[in-house]
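Fold and geometry: a report
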Amino acid sequence: MSLMGLDVGTTGVKAMTFTPEGKVLARSYREYPELYPKPGWVEMNPNEIWRSTKEVISEVALRTKEDPVQALSLSVLGEAVTPLGKDGKPLCNSITAVDRRSIEETHWLEETLGRKYLFQTTGMPPHPSYTLSKLLWIKNHRPDIFEKTWKFLLYEDFILYRLGLDPMLDYSLAARTMAFDIHTKSWSDEILQKSGIDKSLLASVHSSSEVVGKISPRVADELGLPPDTVAVPGGHDQPVSALGAGITKEGEATDTCGTVECVTCVSNELSLPPSRLTYNYATYPHVIEDRFVTIAYFFTAGALLKWYRDNFAFEEKKTAEREKKDVYEVMIQQTGDEPSSLLLLPHFMGSGTPWFDPSSKGALVGLTLGTKRGDIVRAILDSVGYELRVNLEFLGKSGVKAHVLHAIGGGAKSEKWLQIKADITGRRFISLEISDAGCLGAAILAGKATGVYSSFEEAIQNLVRYKKVFSPQERKRKEYEKKYRTYKKLYRSLREINSEL
């Protein structure tokens, strides 16, 4: 028997199957586009995502027939919401976390309920990224859709529903709505009532690691899964990935470099000091019961490389095709060994923490007629390291420490990028044998729920293996120090200009 982990992300979905001993049996991936119908709007096509999800599940199930799937669980992007009609079909595209259309609704929530109350109840510093603001936008601007909606689903309950189960969310993803009371682990009656959102429009909530039912026979047959395959909710991709990276104890952290860059830190107790609200750091349930995570993130990390690839990497694509290499590998290889002469502000979809400024925009500073493509790519790599260091410093000010970071996600496959991050931040980074920690963490949850593992510690011992340590190089640290001092001025220097654009 095998365990399947399904990782539904912003730009792609991946399925992987593992033996209980940790051997990877099969994997499959499909990329899909983000949609930009208006400036500041970012959407996803839920039908396209379900089609891609079915394809990866079917491909992996077909290649795992000798070790049939016993259980599957999910790791999913946060906040993105899809309204479904009574027929179970989407009424419009999903509104994603980085979509900025609900800024006014967020201000209304702060004025009506209070910024401090929202944070102390939900663990979420108010921001347009959270689902509740998007529900209010639909209510205010698309009442035709709101009135027809049977359920507002995130991607965990959406996929489970498509698999033939009732819509249900785990605690970690429910918290990302900013409508969930993390103390009682239930929907907040006061927040929903003040917002005019009926609780029946939302999914039921469950633990991340409990069996919630079997996949419907019809869907199992369509996907090539055994008829008795069970489903386990899983959770928000960051805590699920932290589990898949072996992060279970206080003081440990992951650095996830995917479309979004995110640092996830674990704590044993729930703590919501005022500094977390000041610096906009969310704290909410881990997928491991009775533990919590605090995260820092910004919206464009790997997305910056994809933006460069899609718009400028014409020569790199030809080289990659000719040499049968990954285009990202070719892009990164062309960069020099020294810090870029350019500075890039990576706020292409607003800033993340600690500023939470949806009006901030990207900027590339220092261009000359001598600037080459490799200089721009290196500026992208460096900018993610600089922004990461900003967040590590402010996390420390809010009582969260992260001395060693386990590197996961697509960006963790680049040793050069991990060394850059180590040199800029002064922290050690550890890569893993399996960098797809979202799939691995989901498989661990599936195994824990079905009794394959008696504890998370046993699962981690079987499945999580470390690959290489990247320590700061003193000479490079000194070179980056001056650049970093200049970088810290960039956001504040451009804030007024960006707000006027």
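Structure: see above.
Residues numbered from 1 in each chain as written. Predicted model: local features only at pLDDT ≥ 70, side-chain atom pairs only at ≥ 80, totals over all residues. Heavy atoms only, no water.

1. A few points about the overall build of the protein
Stated precisely, the cut-off is as follows: A run of H or I in DSSP becomes a helix once it reaches four residues, and a run of E becomes a strand once it reaches two; helices and strands are each numbered from the N terminus. In this setup the radius of gyration rests on C-alpha atoms only. A globule is expected at 2.2 Å times the number of residues raised to 0.38. The buried label applies to any residue whose accessible area, calculated with a 1.4 Å probe on protein chains only, is under 20% of its type's maximum; exposed applies above 50%, and partly exposed to all values in between. Surface accessibility in these figures is a Shrake-Rupley result with a 1.4 Å probe; residues are shielded only by whichever protein chains are displayed.
Scanning the protein from terminus to terminus reveals 19 helices and 23 strands. Against the globule reference of 23 Å for 501 residues, the protein gives a C-alpha radius of gyration of 22 Å, in line with a compact fold. For the C-alpha atoms alone, the extent of the protein along its principal axes is close to 60 × 55 × 45 Å. Here the protein, with 501 residues, has 60% of them falling under the buried criterion. About 19500 Å² of surface is accessible on the protein, with carbon and sulfur atoms providing 50% of the total.

2. Points about empty space enclosed by the protein
Stated precisely, the cut-off is as follows: In this analysis the probe radius is 1.4 Å and the grid spacing 1 Å, with only protein atoms considered; a cavity is a set of points the probe fits into but cannot get out of, a pocket is an open set with protein on both sides within 12 Å along at least five of seven lines, and lining residues have an atom within 4 Å of a point. Grid points are joined across faces, edges and corners, and a volume is the space filled by probe spheres set on the points. Residues are sorted three ways: Asp, Glu, Lys and Arg are charged, Ala, Val, Leu, Ile, Met, Phe, Trp, Tyr, Cys and Pro are nonpolar, and all the rest, Gly among them, are polar.
Summed over the entire model, instances satisfying the criterion amount to two cavities of 30 Å³ or more. Tallied by class, residues from the lining of the largest cavity come to five nonpolar, three polar and four charged. Around the second largest cavity, the lining residues are Ala97, Val98, Asp99, Arg100, His127, Pro128, Ser129, Phe299, Met349, Gly350, Ser351 and Pro358.

3. Section: the nonpolar core
Here is a general trend for soluble globular proteins: nonpolar side chains tend to be buried in one another's company. To keep it simple, the criterion reads: Side-chain atoms within 4.5 Å link the members of a nonpolar core, which is a set of buried Ala, Val, Leu, Ile, Met, Phe, Trp, Tyr and Cys residues. When checking whether two residues touch, look at their non-hydrogen atoms; a contact exists if any pair is within 4.5 Å.
Counting residues in hydrophobic clusters, the biggest one holds 112 residues, and the most contacted among them are Leu6, Val8, Tyr155, Leu163, Leu225 and Ile444. The biggest single contributor to this core is helix H17 (residues 437-449), with eight residues. Each residue touching Ile444, except ones within four places of it in the same chain, is listed here: Leu243, Gly244, Tyr453, Phe456, Ala459, Ile460, Leu463 and Val464. Counting 52 residues, the second largest nonpolar core, distinct from the first, contains Val263, Ala320, Leu343 and Phe394.

4. A few points about the sheet that holds strand S13 (residues 213-214)
Going by this rule: Strand pairing is defined by DSSP finding a minimum of two bridges between the two strands. To define axes, lines are fitted to C-alpha atoms, for helices over the stretch in contact only, and angles between the resulting N-to-C directions are given on a 0 to 180 degree scale.
Strand order in the open sheet made by the six strands is S3-S2-S1-S5-S14-S13, with mixed pairing throughout. Every other strand in the sheet has two partners, leaving strand S3 (24-31) and S13 as the edge strands with one partner each. Strand direction decides the pairing type here: strand S2 (residues 12-18) and S3, joined by seven bridges, are antiparallel. Among the inter-strand pairings, Phe18 is bridged to a residue of S3, identified as Val24. In this fold helix H1 (residues 46-62) packs onto strand S1 (2-8), S2 and S3, with an angle of close to 160° to the strand it touches most, S3.

5. Examining the pattern of salt bridges
Rules: By convention in these notes, a salt bridge is any Lys or Arg side-chain nitrogen within 4 Å of a carboxyl oxygen on Asp or Glu.
Under the defined criterion, the tally for this structure stands at 29 salt bridges. Here Lys14 and Asp436 are joined by a salt bridge, their closest N and O atoms 2.7 Å apart. Remark: Asp436 occurs in the loop between strand S22 (428-432) and H17 and Lys14 occurs in strand S2; sequence separation between them is 422 residues. Residue Lys14 shares its accessibility class with Asp436, and that shared class is buried.

6. Here we look at the sheet that holds strand S23 (residues 466-470)
Ordered by their spatial adjacency, seven strands build an open sheet running S17-S18-S16-S15-S21-S22-S23, and the pairing between neighbours is mixed. One side of each edge strand has no neighbouring strand; the edge strands of this open sheet are strand S17 (282-285) and S23. Direction aside, neighbouring strands of the sheet carry axes that sit 30° apart on average. Sheet topology places strand S15 (residues 253-257) next to strand S21 (residues 404-408); four bridges connect them, and they run parallel. Looking at S21, one finds that Thr254 is bridged to His406.

7. Observations regarding the environment of Gly396
The residue Gly396 is located in helix H15 (residues 373-397) in this model. Counting along the chain gives 62 residues from Gly396 to Gln334, while the straight-line C-alpha distance between them is 35 Å.

8. Some details on the pairing of S15
The buried fraction of S15 is high, at five of five residues. Both faces of S15 are covered, namely the face carrying Ala253, Asp255 and Cys257 and the face carrying Thr254 and Thr256. Relative to strand S16 (residues 261-267), S15 is paired through five bridges, and the arrangement is antiparallel. Across the sheet, residue Thr254 finds its bridge partner in S16, namely Thr264. Adjacent in sequence and paired antiparallel, S15 and S16 are bridged by three residues.

9. A short note on the pairing of S1
Counting buried positions over the seven residues of S1 gives six, a clear majority of the element. Note that S1 and S2 share six bridges and pair antiparallel. Residue pairing for S2: Asp7 is matched across the bridge by Lys14. What sits between S1 and S2 in their antiparallel hairpin is a turn of three residues.

10. A look at helix H3 (residues 115-122)
Those residues of H3 lying buried are Leu118, Phe119, Thr121 and Thr122. Structurally, H3 contributes buried residues whose contacts are with helix H2 (103-113), helix H7 (171-175), strand S10 (180-181), helix H8 (189-195), helix H11 (274-278) and S17. Looking one or two places after H3, you find Gly123, whose phi comes out positive at around 80°.

11. Quick notes on the packing of helix H12 (residues 302-312) against helix H13 (residues 314-323)
Filter applied, for reference: The labels follow the angle: roughly parallel below 35 degrees, roughly antiparallel above 145, roughly perpendicular from 65 to 115, and oblique for the rest.
Interhelical geometry of H12 versus H13 gives an angle of 90° and a closest axis separation of 6 Å. Judged by the angle between their axes, H12 and H13 are roughly perpendicular. Residues Tyr308, Arg309, Asp310, Asn311 and Phe312 of H12 touch H13, and the partners they reach there are Phe314, Glu316 and Lys317. Split into classes, the residues belonging to the contact of H12 with H13 amount to three nonpolar, one polar and four charged.

12. Description of a positive patch on the surface
Defined as follows: Residues enter a patch when their relative accessible area is above 30% and they make no salt bridge; the linking distance is 9 Å between like charges and 5 Å between nonpolar side chains (Val, Leu, Ile, Met, Phe, Trp, Tyr). Note on charges: Lys and Arg go in the positive column, Asp and Glu in the negative column, and His and the chain ends are not counted at all. Charged side chains are reduced to one point each, which is NZ for Lys, CZ for Arg, CG for Asp and CD for Glu.
Where like charges cluster on the molecular surface, the positive patch consists of Lys397, Lys482, Arg485, Lys488 and Lys489. A per-element tally of the positive patch places helix H19 (residues 474-500) first, with four residues. Summarising the element assignment, Lys489 is placed in helix H19. The exposed category is assigned to Lys489, whose relative accessible area is 56%.

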